[in-house]
Amino acid sequence: MNPIDDASLDRLFREGRTFNHYLDKAVGEDEIRAIWDLMKMPPTSTNQNPARMVWCLSADAKEKLASCASDSNADKIRNAPAAVIIGMDVNFHETLPQLFPHVDAKSWFDGNTELREASAFRNSSLQGAYLILAARALGLDTGAMSGFDQGAVDKAFFADQPGVRSNFIATLGYGDTSKLHPRNPGWRSTKPTGSPEPNLRTLVIDTATAACSVALLDGDRVVAHGHDVVGRGHAERLVPMIAALPDGGRAARILVDCGPGSFTGIRVGIAAARGLALGWGVTATGYQSLALVAAAGFSARDDAALTVVLEGGHGEVFVQAFARDLTALSPSPR
């Protein structure tokens with residue numbers, strides 16, 4: 001099986017967002033059927049199907065659901081083209097003889113309400129995630145939420161099905177990207193068994209040389225970048241270059257080149273980094289330009305050590321040697 005292309009990965013995962021605002025474009029039964037036809041196919045434990053969906057397409061249905069939601073979520077539901085309740089049937093095991101016929105899996109759950117409840121919750125949550133992915137794959141967007149009165153939802157929508165309880169709810173439609181907030185930090189694990197580490201969107205600023213450079217990173221991925229050889233014009237170019245990045249360059253942390261290099265350029269970069277960090281409430285951290293050049297050199301060569309020479313202006317150069325692990329072999333730039 002071949003990997004799917006990057007555009008599809010972006011749509012399903014990397015650019016996935018929670019939408020609170022949608023375009024004025026209806027969602028109808030054709031879209032709902034297409035979502036169901038996709039989300040019903042991926043695996044669950046013993047091929048269980050505990051999820052029970054209630055699709056709210058009319059204004060009356062959305063109002064009924066909104067009345068059970070928290071104040072902040074109620075208007076999101078009312079204004080969305082559609083909403084859906086993802087419920088869970090704790091009596092899902094009754095259908096296992098049809099869905100998992102080669103083993104008597106139903107007997108595993110008979111008389112064990114606690115096990116059925118745990119499995120219904122786990123697998124209906126999994127099916128809810130499949131719903132979100134199916135919607136994204138079909139060009140729609142969602143806004144999952146758990147801020148609602150579960151008892152009220154169950155009474156309003158599942159009163160005739162005592163074995164069914166609500167799990168979570170979501171809005172659905174064609175998202176209005178113009179009203180998205182800057183993306184919050186995600187999480188990633190650097191090792192398959194490791195604890196999650198912040199996958200922070202990072203703004204990188206480099207003004208230590210004759211060039212003015214900025215980049216916006218999402219983990220290890222370069223989202224956007226800019227590079228302009230300006231000589232002495234860093235103060236005039238830096239802020240417009242940052243503003244031209246997606247979301248105005250807004251990030252969860254800032255990295256800024258602290259030199260060695262152009263004294264004036266370094267001051268401009270650090271001042272901008274500190275100002276943005278203060279305004280955004282994030283951290284600004286410095287890095288050394290010579291170590292960065294060394295890292296780039298080692299990525300292209302197999303040498304055990306490298307010496308970096310960087311022009312400093314006024315006939316000066318900065319020199320420092322590094323081992324392959326970027327340990328400095330000389331105490332400081334000279």
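Relevant structure appears above.
Residues numbered from 1 in each chain as written. Predicted model: local features only at pLDDT ≥ 70, side-chain atom pairs only at ≥ 80, totals over all residues. Heavy atoms only, no water.

Another aspect to go through is the side chain of Asp141. Its place among the elements puts Asp141 in strand β3 (residues 141–145). At 3.4 Å, the side chain of Asp141 forms a polar contact with the side chain of Arg11. Contacts of Asp141, omitting those with residues within four sequence positions, involve Arg11, Phe19, Tyr22, Thr171, Leu172, Gly173, Tyr174 and Gly175. (Helix = DSSP H or I, 4+ residues; strand = E, 2+ residues; numbered from the N terminus. Polar contact = N/O pair within 3.5 Å; in protein donor to acceptor, adjacent residues only side chain to side chain. Contact = heavy atoms within 4.5 Å.)

Now for the sheet that holds strand β4 (residues 164–173). Strands pair in a sheet through their backbones, by hydrogen bonds, and they do so in one of two ways: parallel or antiparallel. In spatial order, the strands read β1-β2-β4-β3; together these four strands make up an open sheet with antiparallel pairing. Looking at which strands have only one partner, the edges of the open sheet turn out to be β1 (51–56) and β3. The average angle at which neighbouring strand axes cross in this sheet is 25 degrees, direction not considered. Across five bridges, the pairing between β3 and β4 is antiparallel. Looking at the pairing, Met145 lines up with Ile169 of β4. (Pairing = 2+ DSSP bridges. Axes fitted to C-alpha atoms, helices over the stretch in contact; angles between N-to-C directions.)

Inspection of the secondary structure puts Val214 in strand β8 (residues 211–218). Sequence separation between Val214 and Leu238 is 24 residues, and the spatial gap between their C-alpha atoms is 7.9 Å. Apart from residues no more than four positions distant in its own chain, Val214 is found in contact with Val204, His225, Gly226, Leu238, Met241, Ile242 and Leu245.

Contact geometry for helix α3 (residues 59–66) and helix α8 (residues 150–157): axes closest at 9 Å, N-to-C directions at 145 degrees. Contacts between α3 and α8 involve Ala61, Lys64 and Leu65 from the former and Val153, Ala156 and Phe157 from the latter. Looking at the contact of α3 with α8, its residues break down into five nonpolar, no polar and one charged. (Nonpolar A, V, L, I, M, F, W, Y, C, P; charged D, E, K, R; others polar.)

A separate point is the side chain of Arg201. By the element assignment, Arg201 lies in strand β7 (residues 201–206). Taking relative accessible area as the criterion, Arg201 reaches 11% and is therefore assigned buried. Excluding residues that lie within four positions of it along the chain, Arg201 makes contacts with Arg183, Leu216, Leu217, Asp218, Val223, Asp247, Arg250, Ala251, Ala252 and Arg253. (Buried < 20%, exposed > 50% of the residue type's maximum accessible area, 1.4 Å probe, protein only.)

To continue, consider the packing of α3 against helix α4 (residues 71–79). Interhelical geometry of α3 versus α4 gives an angle of 170 degrees and a closest axis separation of 9 Å. Of the possible angle classes, the one that applies to α3 and α4 is roughly antiparallel. Contact residues: α3 offers Lys62, Glu63, Leu65 and Ala66, while α4 offers Ala74, Ile77 and Arg78. (Parallel < 35°, antiparallel > 145°, perpendicular 65-115°, else oblique.)

Let us look at the packing of aromatic side chains. With the rule as written, the count across this model stands at two aromatic pairs. Ring geometry for Phe92 versus Phe109: centroids 5.1 Å apart, planes at 75 degrees, classification edge-to-face. With Phe92 in the loop between β2 (82–89) and α5 (96–99) and Phe109 in helix α6 (residues 106–109), this residue pair connects regions lying 17 residues apart in the sequence. Phe109 carries the same exposure label as Phe92, and that label is buried. Above the ring of Tyr174, the side-chain terminus of Lys25 is found at 4.2 Å from the ring centroid. (Phe/Tyr/Trp six-rings, centres within 6.5 Å; stacked < 30°, edge-to-face > 60°. Lys NZ or Arg CZ within 6 Å of the ring centre and 35° of its normal.)

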